[in-house]
Amino acid sequence: MRAVLMAGGSGTRLRPLTCDIPKPMVPILNRPISEHIINLLKRHGIAEVIATLYYLPDVMREYFRDGSDFGVSMTYAVEEEKPLGTAGCVKNIEQLLTETFVVISGDSLTDFDLTAALKFHRERGSKATLILTRVPDPREFGVVITDENGRIERFLEKPSSSEVFSDTVNTGTYILEPEVLRYLPGNKEVDFSNDLFPKLLAHKEPMYGYVAEGYWCDVGNLDTYREAQYDGLDRKVQLDFAYNERSPGVWVGEGCSIHPTAVLEAPLIIGKGCRIGAGTKILGGTVLGENVFVGSDAVIQRAIVWNGTAVGDEAVLSACVVARGSRIGRRVQLMEGSVLGPLCSVGDEACVSAGVRVWPSKKIETGAVLNINLIWGSQALRNLFSQRGIIGLANVDITPEFAVKVGAAYGATLKLGVQVQISRDQRPICRMVTRSLISGLMSVGVNVQNLESTAIPIARYCAPIHGVVGGIHVRVHPDRPDYILIEFLDAQGINISKAKEKKIESAYFKEDFQRARIEDIGDVNYPIRMLDYYGEGFQKSMNTEPLRNSKKVVIDYAYGVAGAILPVLLGKFGADAVVLNASLSYSAPSVEQRERLLSQLSNVVQALEASFGVQVYANGEQLVLVDELGEVIRGEYLTAVLAELVLAANPRSKIIIPVNSTSVIEQIANRHDATVIRTKSNPTALMEAAATTPNVSLAGSADMGYIFPQLHPGFDAMFTIAKLIELLTVQERTLAQVRQELPPIHHKHLQVRCSWNAKGSLMRLLVEENKREQVELIDGVKIHESETDWVLVLPDAGDPLVHLYADGDSKQKVDHLCREYRERVNTVSREDRETDEV
């Protein structure tokens, strides 16, 4: 039997370790990862291996040659001109695959029982068998659901937090019959998960998932790289060690010279030809490569040190990684998580701080304290993007240095010389951040249209007018005034897709942007007439005549930038609007301060006998209403009121809402023969649906804002207010009347703590425990308990918690659903903690 070893990866997130070797050749316990995989194949009787190569192919070819030294027969297929993807490179060698074959990743560490998996494949008569495993956090992998016989029903490649419906994931190891390759085009970049497997499902080919027992680790970043070493030392994974075990847990190669006073603490590995000086302590978790020199009185603990490195006297290395040929001086400190690339030199008494990465062949001077990556940048984050853009503490997480790097990362995903639009709110912190972003964009040859301080609806509207390829908007977070929110827009002015976010994130982590030449540095322009463009679109998108005959309204701008825009437009159209708190403030009001302003607004509405009041916030995107009786309308009632008014004016149209909105919207839509479309509960999904779906009269929700696609497919509280005045005037209704005519709404939202590790298990159990027809997987897991009652369990993207949304025809039922599923979440979390303790 033959196996295809996927060994073309460049290992971007393992930089700087993979600057001069491909990821499958990175050593684990002093042997390349791919050698451990070849040993696994050999144990299960697979002795013919075809390695597919792309990045630095000669490194692997020179190491394994024909494979005879490793007990296998090795051949190589090199993707010469372009990468062909995981499936494309296998299609490229189709003529060599004439019987059942195994595809296995060369950059994952595992000891799966391939013999048992092959038996399962043959017994099921499968055309394609995916070897699966269960992981605590499945977001970086393809999630899979199978039926009771193991047949695959659904899978999703690298889901967002809200899309996690199982903790059973695709390990990238497959057993395939050669005929499945006929579904793939030749000489084209295609992927197993995104291209081949969906086609097999669509053609109802027998495709199964085998849930394997044993160890599996995708060595995807520097943290998992270290963890894989520690797991190997602790024998959590079955590996062949390169050296003899001198004493329990201590493996030492031939030709080593270890001073009698040196202390060796298991588990550890010392490679061939190493020299260890007097009084040095080599403590548990350490892996020393071959021909490593360590001076006297050094302390090395849980460090991974590659071949040919020299470590000076009294140096301290803690849970770091040092690549080949580096020189570490006397009394140097390498702190936890630090990484030195190949051939680096660290002077005496220097300190490399925790988490800092140093690119190859760099020199750190004597006594220096290195707190930032030596190539450029400050820190490699776990995730750059949250559920909505980039969020961080102002001038702590979101600093000028950080913003420059983000701007360059975004620009690196674009073509040289393109135009990008940038805008912000009025606060100095946002001005500082945008200037840094502009610097980063210019440095990679991107031109900038700087709109300066403006409301985000205007920025969205003007993006296609300015002909930009995208945009950035910076503002204080609407619910956390000490945080900054950076949002990225596409050419239409709507938030970019998750796929585009991943590209920016990848460029950010890679940190090796191609800087522009002097003559290609980007330029900055300052567009004018944005308010004129927006006002013209405003007027074309609604009937402004009723505004002249409307009753008085009171608008609280909460000291935001919308206060400099909307009064001008409403005045132009003759609306009778009383303005509150329209002066610009450099400090963002907190949620508590906005509530006090809302109370003031209610009193003013009643005192002036106005038709209604409205508070605008979130840089012109969101609003809260106050009816003529002074009652506040927000949340699900706000969405329901707007739905009733808009659909009364636009019967048989479509309304788009997120999956977590109340089912009362469907009842309102039925009154007007309208259609309800539900999307994922994130801003991008709503805006994309609004931009691409015909005959949409309204989209959105109270916690994100509302979209009127006839103006633009972005959230816009300013247009919502004008439209509300128009609809109430034409329909001769009041907000209080509309609210009283609504069906009763029983809807509740809870946040429940749930560890990252427990989220995948929770989603899988919820899917498995409920009947298929009860479960909806638009976003999270939505369980329909009856025709009227449902609960949605939605993992949070940025924090270790889940959101519970319950909706029903009575408060008692909703409360019961919340209690039941909160306890279900708590139970799974407890079980996860107990497993960790064991």
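Residues numbered from 1 in each chain as written. Predicted model: local features only at pLDDT ≥ 70, side-chain atom pairs only at ≥ 80, totals over all residues. Heavy atoms only, no water.

### Concerning the overall build of the chain
Scanning the chain for helices and strands turns up 21 helices and 55 strands. With the C-alpha coordinates of the chain rotated into their principal frame, the extents come out at 95 × 65 × 50 Å. Buried positions account for 58% of the 838 residues belonging to the chain. Of the side-chain charges in the chain, 88 are positive and 105 negative, and the distance between the mean point of each set is 2 Å. (Helix = DSSP H or I, 4+ residues; strand = E, 2+ residues; numbered from the N terminus. Buried < 20%, exposed > 50% of the residue type's maximum accessible area, 1.4 Å probe, protein only. Lys, Arg positive; Asp, Glu negative; His and termini not counted. Charge placed at Lys NZ, Arg CZ, Asp CG, Glu CD.)

### Describing the packing of aromatic side chains
As enumerated under the stated definition, the model contains 17 aromatic pairs in all. Relative to tyrosine 210, the ring of phenylalanine 120 has its centre 5.2 Å away and its plane inclined at 50 degrees; by these criteria the two rings are tilted. Within this pair, whereas phenylalanine 120 is found in helix 4 (residues 114-124), its partner tyrosine 210 is found in strand 12 (residues 207-211), the two being separated by 90 residues in sequence. By the burial criterion, phenylalanine 120 is buried, and tyrosine 210 matches it. Within the aromatic cluster, the residues linked to one another by ring pairs are Tyr461, Tyr534, Phe538, Phe573, Phe708 and Phe719. Its end group placed over the ring of tyrosine 617, arginine 594 keeps NZ or CZ at 4.1 Å from the ring centre. The ring of tryptophan 790 has lysine 782 sitting right over it, with the charged end atom 4.0 Å from the ring centre. (Phe/Tyr/Trp six-rings, centres within 6.5 Å; stacked < 30°, edge-to-face > 60°. Lys NZ or Arg CZ within 6 Å of the ring centre and 35° of its normal.)

### Section: the sheet that holds strand 26 (residues 316-318)
In spatial order, the strands read 17-20-23-26-29-32-35; together these seven strands make up an open sheet with parallel pairing. The two strands at the open ends of the sheet, each matched to only one other strand, are strand 17 (263-264) and strand 35 (369-370). In this sheet, strand 23 (residues 299-301) lies alongside strand 20 (residues 281-283) in parallel orientation, the contact comprising three bridges. Bridge pairing links leucine 283 to glutamine 301 in strand 23. (Pairing = 2+ DSSP bridges.)

### Structural notes on the pattern of salt bridges
Counted by the stated rule, this structure contains 43 salt bridges. The residue glutamate 644 makes a salt bridge to arginine 671 at a minimum N-O spacing of 3.2 Å. Highlighted residues: glutamate 644 in helix 15 (residues 635-649) and arginine 671 in helix 16 (residues 664-671), separated in sequence by 27 residues. When the shortest N-O distance is used, the salt bridge between glutamate 823 and arginine 830 registers 2.9 Å. Among the charged side chains, a network of salt bridges with common partners joins Arg388, Arg460, Arg475, Glu487 and Glu621. (Salt bridge = Lys/Arg side-chain N within 4 Å of Asp/Glu carboxyl O.)

### Some thoughts on the packing of helix 9 (residues 456-466) against helix 11 (residues 530-540)
The geometry of helix 9 relative to helix 11 is characterised by a closest axis approach of 10 Å and an angle of 95 degrees between their N-to-C directions. Classed by the angle they form, the pair helix 9 and helix 11 counts as roughly perpendicular. Contact residues: helix 9 offers Pro457, Ile458, Tyr461, Cys462, Ile465 and His466, while helix 11 offers Met530, Leu531, Tyr533, Tyr534 and Gly537. Residue composition of the contact of helix 9 with helix 11, by class: nine nonpolar, two polar and no charged. (Axes fitted to C-alpha atoms, helices over the stretch in contact; angles between N-to-C directions. Parallel < 35°, antiparallel > 145°, perpendicular 65-115°, else oblique. Contact = heavy atoms within 4.5 Å. Nonpolar A, V, L, I, M, F, W, Y, C, P; charged D, E, K, R; others polar.)

### Concerning empty space enclosed by the protein
On inspection of all chains with the given rule, the structure shows three cavities of 30 Å³ or more. Computed from the structure, the largest cavity encloses a volume of approximately 240 Å³. As for the largest cavity, its lining consists of 20 residues, and the residues nearest its centre are Arg427, Pro589, Tyr617, Ala618 and Asn619. Class assignment for the residues of the lining of the largest cavity results in twelve nonpolar, five polar and three charged. (1 Å grid on protein atoms, 1.4 Å probe; cavity = no way out; pocket = protein on both sides within 12 Å on 5 of 7 lines; lining within 4 Å. Points joined across faces, edges and corners; volume = space filled by probe spheres on them.)

### Describing unusual backbone geometry
With an omega of 10 degrees, the peptide bond between arginine 15 and proline 16 qualifies as cis. Summarising the element assignment, proline 16 is placed in the loop between strand 1 (2-6) and strand 2 (27-28). The omega torsion of the bond from alanine 266 to proline 267 falls at -5 degrees, within 30 degrees of zero and hence cis. Relative to the elements of secondary structure, proline 267 occurs in the loop between strand 17 and strand 18 (268-270).

### With respect to helix 7 (residues 400-412)
With 13 residues, helix 7 ought to run about 18 Å at 1.5 Å a step, and its terminal C-alpha atoms sit 18 Å apart, in line with that. Residues of helix 7 that are buried include every one of Phe402, Ala403, Lys405, Val406, Gly407, Ala408, Ala409, Tyr410 and Gly411, and no others. Packed against the buried residues of helix 7 are strand 36 (390-393), strand 37 (419-424), helix 8 (428-443), strand 39 (470-477), strand 40 (480-490) and helix 10 (498-510). (Expected span 1.5 Å × (residues − 1).)

### Structural notes on the sheet that holds strand 43 (residues 577-580)
Read from one edge to the other, the open sheet built from five strands follows the order 43-42-44-45-46, with strand pairing classed as mixed. In the strand order of this sheet, the two ends are held by strand 43 and strand 46 (632-633), each with one partner. Bridge analysis of strand 44 (residues 612-617) against strand 45 (residues 622-627) gives six bridges, and the strand direction is antiparallel. Across the sheet, the residue bridging to valine 616 is leucine 623, located in strand 45. Its contacts with the sheet put helix 18 (residues 717-731) on strand 42 (553-556), strand 44 and strand 45, and the angle it makes with strand 44 is roughly 165 degrees.

### Some remarks on the nonpolar core
In this structure, Tyr534, Phe538, Ile555, Phe612, Leu625 and Leu735 are the most contacted members of the largest nonpolar core, which totals 61 residues. With nine residues, helix 18 is the largest single contributor of residues to this core. Setting aside residues up to four positions removed in sequence, tyrosine 534 forms contacts with Pro457, Ile458, Tyr461, Leu569, Leu711, Asp716, Met718 and Phe719. Within the second largest apolar cluster, 35 residues are counted, among which are Ile422, Val444, Ile472 and Ile496. (Core = buried A, V, L, I, M, F, W, Y, C linked by side-chain atoms within 4.5 Å.)

### Some points on the side chain of threonine 454
Tracing the chain through its elements places threonine 454 in the loop between strand 38 (447-453) and helix 9. Taking the relative accessible area as the measure of exposure, threonine 454 reaches 6% and is therefore buried. Excluding anything up to four places from it in sequence, threonine 454 contacts Ser423, Arg424, Ala459, His473, Val561, Ile565 and Asn619.

### A word on the pairing of strand 14 (residues 244-247)
Bridging between strand 14 and strand 15 (residues 250-252) involves three bridges; their strand directions are antiparallel. In the strand pairing of strand 15, serine 247 is matched with valine 250. Between strand 14 and the antiparallel strand that follows it, strand 15, lie two residues; glycine 249 among them carries a positive phi value of about 80 degrees.

### Describing the confidence of the model for the chain
Looking at the chain, the pLDDT average stands at 92 and 97% of residues meet or exceed 70. This stretch, residues 376-382, has a pLDDT under 50; its non-local contacts, to residues over four places away or in other chains, come to 24 contacts. (pLDDT = per-residue confidence, 0-100.)

### Looking at the environment of lysine 510
For lysine 510, the position within the fold is in helix 10. Here the alpha-carbon distance between lysine 510 and leucine 14, two residues 496 residues apart in the chain, equals 9.0 Å. Setting aside anything within four residues of it in sequence, one finds lysine 510 in contact with Thr12, Arg15 and Trp359.

### As for helix 2 (residues 57-64)
Residues of helix 2 that are buried: Pro57, Met60 and Phe64. Taken down its axis, helix 2 places every buried residue within 75 degrees of arc, on the same side. Buried residues along helix 2 sit in contact with strand 1, helix 1 (33-43), strand 4 (48-53) and strand 5 (73-78). After helix 2 finishes, the residue arginine 65 shows a positive phi value of roughly 50 degrees. (Arc of directions from axis to C-beta.)

### Digging into the pairing of strand 55 (residues 801-808)
Burial runs high along strand 55: eight of the eight residues are buried. The two faces of strand 55 match: Leu801, His803, Tyr805 and Asp807 on one face and Val802, Leu804, Ala806 and Gly808 on the other face are all buried. Pairing of strand 51 (residues 746-753) with strand 55 involves eight bridges; the strand directions are antiparallel. Considered in strand 55, the bridge of histidine 749 is made with tyrosine 805.

### Points about the environment of aspartate 796
Along the chain, the position of aspartate 796 falls in the loop between strand 54 (790-795) and strand 55. C-alpha of aspartate 796 to C-alpha of glutamine 387: the two residues are 409 residues apart in sequence and 8.0 Å apart in space. Polar side-chain contacts of aspartate 796 include one of 2.7 Å to the side chain of histidine 803. (Polar contact = N/O pair within 3.5 Å; in protein donor to acceptor, adjacent residues only side chain to side chain.)

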